[in-house]
Amino acid sequence: MGTFFWFLNGICLAGLLVVMFQMRNHEKGLYVLFFAEMWERFSYYGMRALLVLYLTKHFLFSDTVAYGLYGAYVTIVYMTPVIGGMLADKYLGARRAVIIGGVLLVLGHLGMAVEGDPVLPGETPDGSVLNIFYFSLALIVAGVGFLKANISTIVGALYRRTDARRDSAFTLFYVGINLGAALGALWAGYLGENYGWKYGFGLAGIGMLAGLVVFVLFKPALKGAGAPPSMARLKEKVFMGISREWMIYISTVLSVFVIWGLVRSQVVVNWLLLFSMIGVYGYIVYRSVRHLEPHARDRIFVALFLISVNVLFWGLFEQAGSSLNLYTDRAVDRNIWGSEVDASIFQSINAIYIILLGPVLAALWVFLGKRGLDPSAPLKFGFAVIQLGLGFLVLVWGANTAGANLTPVIFIFLIYLLHTTGELCMSPVGLSAMTRLAPVQMVGLMMGAWFLASGAGNSVAALIAQATASAGADGESQVLSVYSKVGWIAIGVGLLMAVASPVITKFMHLDTLQDDTVDDDLAGQSQIGEPMAAGIHTEDEMKSD
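Predicted model, so just to flag it, every value in this text is computed and none were measured. (Residues numbered from 1 in each chain as written. Predicted model: local features only at pLDDT ≥ 70, side-chain atom pairs only at ≥ 80, totals over all residues. Heavy atoms only, no water.)

Scanning the protein from N- to C-terminus turns up 18 helices and six strands. The C-alpha radius of gyration computed for the protein amounts to 22 Å, which stays within 12% of the reference 24 Å derived for 545 residues, consistent with globular compactness. Taken over the C-alpha atoms alone, the protein extends approximately 70 × 55 × 45 Å along its principal axes. As presented, the protein carries roughly 20800 Å² of accessible surface, and 67% of it is formed by carbon and sulfur atoms. Side-chain charges of the protein comprise 34 positive and 36 negative groups, with the mean position of each set lying 6 Å from the other. (Helix = DSSP H or I, 4+ residues; strand = E, 2+ residues; numbered from the N terminus. Rg over C-alpha atoms; globule rule 2.2 N^0.38 Å. Areas by Shrake-Rupley, 256 points an atom, 1.4 Å probe, with all protein chains shown as cover. Lys, Arg positive; Asp, Glu negative; His and termini not counted. Charge placed at Lys NZ, Arg CZ, Asp CG, Glu CD.)

Below you can see the structure in the form of structure tokens.
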């Protein structure tokens, strides 16, 4: 462990202390969600930092095959929250869904620790080890489907829609996500590359277990947010004496076996994604036109437009885990302060930037909001895409100036910096917008649709990464050529978004947006008259998970 490694860990600790200080004026439940999600992201990003390196170095997969498998996996990871969000909205409640997801994630990450012997040139991987690997990925996919959208939904449930702290809360929550991501990449990456892949993946599983324990032990601080809509409906016998709740659990186990097969085929996953997006977005449009009043309907249409921009953003941003990861490993001078830094460690840089800059942006949104100067969500999205494009162009320029030499590591820091500032204008703002623009009965569905678009972005990212794969000495120049093209495209789209933002904002009808009348006395009391109101079903609250 070099000085740089400990320096990054020190930044994480400092960032944690700053965020804890900023959360003193927020809802206490935010602390619980912050730490639970931090550990969940520790596990996910710890594994993500290693996955492509593991596939190409341990199993000796080609770059194209590794990118395809990585793309199929992360695409399904972001598709399943649609189902998890709908099940939570209608039956389970967000809290139960988070716990189910946590259990599946623990099992999946620990299964990844079964690595087998390294594959030697000319050999083929052990079939049983590969099957365990694929099944572990399937468990992780199913777990993320239950957890990811629903824990964000609980954050939104803690605040009124017009609360000035709302964007700030989501940004601080996003810092928690990235504390986990940074520490996961640092520690799982270090152990995996230096002591054995199984140790890195095993540590990721331990991190997820810690997140699950935090959520279960400190659940009372959530004040009932995320409770099942109706415990009676959940416990109702629906088939052969089996309750609806247990039918969901049984279906979840069966779905893991389906995902086990899907994760191996990028083509099948992409077709499934396309049909899923058509079905989900078509249903959202139908439901909006049929059941919502005009202003609420317009807000849903704006949300769908923002979701479409999400696809482009993540399609480019997610090169970090695939093509940019291997470019850093092969074409970058990674010597820092006298020692060579493992490529996986650089997966923590984006998260560390968010730790440093997230609180600044959170404070800035509150400062501007109190003065009526806060940029609209569409304008922030435009800024995000512009910065994304600039990041690619800066790396291309830096690599070209180095000539035949390795790319100076400073340009890796710069691309991550610009991508991070773009992400801070996109992701937490988008999460907040989904929970603000959607009516309460559609929040889980819209959050699922948001993550489905992220899945589409990851599918696009895999295709872009495969376009960068080139055998031979010109491999690096092929990467730079693709990065240059997508960089200019992103800047053009971002400028169009910025110009169109006033018109888009008009259809958000912020002047008629109303709170859900949240009250802290009883869980769900804010929704008297709604199916999930604890004021109506106090007996259900007593029995909830």
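Next comes the rest of the account.
This part is about empty space enclosed by the protein. By the definition in use, this model includes two cavities of 30 Å³ or more. Along the wall of the largest cavity there are 27 residues; nearest its centre are Tyr 45, Tyr 78, Tyr 174, Trp 314 and Glu 423. Classifying every residue of the lining of the largest cavity by side-chain character gives 14 nonpolar, seven polar and six charged. Each pocket or cavity is described by its volume, and for the second largest cavity that value is around 30 Å³. Lining the second largest cavity we find Ala 36, Val 98, Leu 147, Ile 151, Met 208, Gly 211, Leu 212 and Phe 215. (1 Å grid on protein atoms, 1.4 Å probe; cavity = no way out; pocket = protein on both sides within 12 Å on 5 of 7 lines; lining within 4 Å. Points joined across faces, edges and corners; volume = space filled by probe spheres on them. Nonpolar A, V, L, I, M, F, W, Y, C, P; charged D, E, K, R; others polar.)

Further remarks concern helix H15 (residues 410–437). For H15, which comprises 28 residues, the first-to-last C-alpha distance of 40 Å matches the rise-based estimate of 40 Å (1.5 Å per residue) to within 8%. Glu 423 marks where H15 bends most, by close to 35°. With 22 of 28 residues buried, H15 lies mostly within the body of the structure. (Expected span 1.5 Å × (residues − 1). Bend = angle between axes of the 7 residues up to and from the residue. Buried < 20%, exposed > 50% of the residue type's maximum accessible area, 1.4 Å probe, protein only.)

A few words on the pattern of salt bridges. Think of it this way: side chains of opposite charge can pair up when their charged atoms draw near. Overall, the coordinates contain ten salt bridges when judged by the stated rule. Where Arg 41 meets Glu 40, a salt bridge forms, and the shortest distance between an N and an O atom there is 2.6 Å. Pair check on accessibility: Arg 41 and Glu 40 agree, each one buried. (Salt bridge = Lys/Arg side-chain N within 4 Å of Asp/Glu carboxyl O.)

As a further point, take the packing of aromatic side chains. A full pass over the atoms with the stated rule returns 31 aromatic pairs. Note on Phe 135 and Phe 257: the rings are 5.4 Å apart at their centroids and 55° apart in plane angle, and the pair reads as tilted. Of this pair, Phe 135 sits in helix H5 (residues 127–157) while Phe 257 sits in helix H9 (residues 244–262); the two residues are 122 residues apart in sequence, bridging distant segments of the chain. The exposure class assigned to Phe 135 is partly exposed, which follows from its relative accessible area of 24%. Using a relative accessible area of 44% as the deciding quantity, one classes Phe 257 as partly exposed. Consider the rings of Trp 314 and Phe 317, whose centres lie 4.9 Å apart with planes at 80°: the pair is edge-to-face. Taken as a pair, Trp 314 and Phe 317 lie in helix H11 (residues 294–317) at a separation of three residues, close to a single helical turn. Grouping residues by exposure puts Trp 314 and Phe 317 together as buried. Through pairs of rings, three or more aromatic residues link up here, namely Tyr 54, Phe 59, Phe 61, Phe 133, Tyr 134, Trp 197 and Phe 201. (Phe/Tyr/Trp six-rings, centres within 6.5 Å; stacked < 30°, edge-to-face > 60°.)

What follows is about the side chain of Thr 407. Mapped onto the elements, Thr 407 comes out in strand E6 (residues 407–408). When its relative accessible area of 3% is taken as the criterion, Thr 407 is described as buried. Separated by 2.7 Å, the side chains of Thr 407 and Tyr 327 make a polar contact. Setting aside its immediate chain neighbours within four residues, Thr 407 contacts Tyr 327, Ala 331, Val 332, Asp 333, Leu 395, Ala 399 and Ala 402. (Polar contact = N/O pair within 3.5 Å; in protein donor to acceptor, adjacent residues only side chain to side chain. Contact = heavy atoms within 4.5 Å.)

This brings us to the nonpolar core. Judged by nonpolar contacts, the single largest core of 182 residues is most densely connected at Tyr 73, Phe 133, Tyr 281 and Ile 284. Excluding residues that lie within four positions of it along the chain, Tyr 281 makes contacts with Leu 304, Ile 307, Ala 449, Leu 452 and Ala 453. (Core = buried A, V, L, I, M, F, W, Y, C linked by side-chain atoms within 4.5 Å.)

Together, Val 267, Trp 271, Leu 274, Phe 275 and Ile 278 give the surface a local cluster of nonpolar side chains, amounting to about 560 Å² of exposed area. Checked against the element boundaries, Trp 271 lands in helix H10 (residues 266–291). (Patch = residues over 30% accessible without salt bridge, like charges linked within 9 Å, V, L, I, M, F, W, Y side chains within 5 Å.)

This next bit is on the environment of Leu 312. Inspection of the secondary structure assignment puts Leu 312 in helix H11. Residues within four places of Leu 312 in sequence aside, it is in contact with Val 385 and Val 493.

Before going further, it helps to spend a moment on helix H7 (residues 197–217). An ideal rise of 1.5 Å per residue puts 30 Å on 21 residues; H7 measures up with 31 Å between its terminal C-alpha atoms. Taken together, the buried positions of H7 are Trp 197, Gly 200, Phe 201, Gly 202, Ala 204, Gly 205, Gly 207, Met 208, Gly 211, Leu 212, Val 214 and Phe 215.

A few words now on the packing of helix H3 (residues 63–92) against H9. Running from N to C, H3 and H9 cross one another at 175°; their axes reach a closest spacing of 13 Å. Between H3 and H9, the angle falls in the class roughly antiparallel. Taken together, the residues of H9 that come into contact with H3 (itself represented by Ile 76, Thr 80, Leu 87, Tyr 91 and Leu 92) are Arg 244, Ile 248, Tyr 249, Ile 259 and Leu 262. Grouping the amino acids of the contact of H3 with H9 by side-chain chemistry returns eight nonpolar, one polar and one charged. (Axes fitted to C-alpha atoms, helices over the stretch in contact; angles between N-to-C directions. Parallel < 35°, antiparallel > 145°, perpendicular 65-115°, else oblique.)

Worth remembering: the numbers are spatial, not functional.
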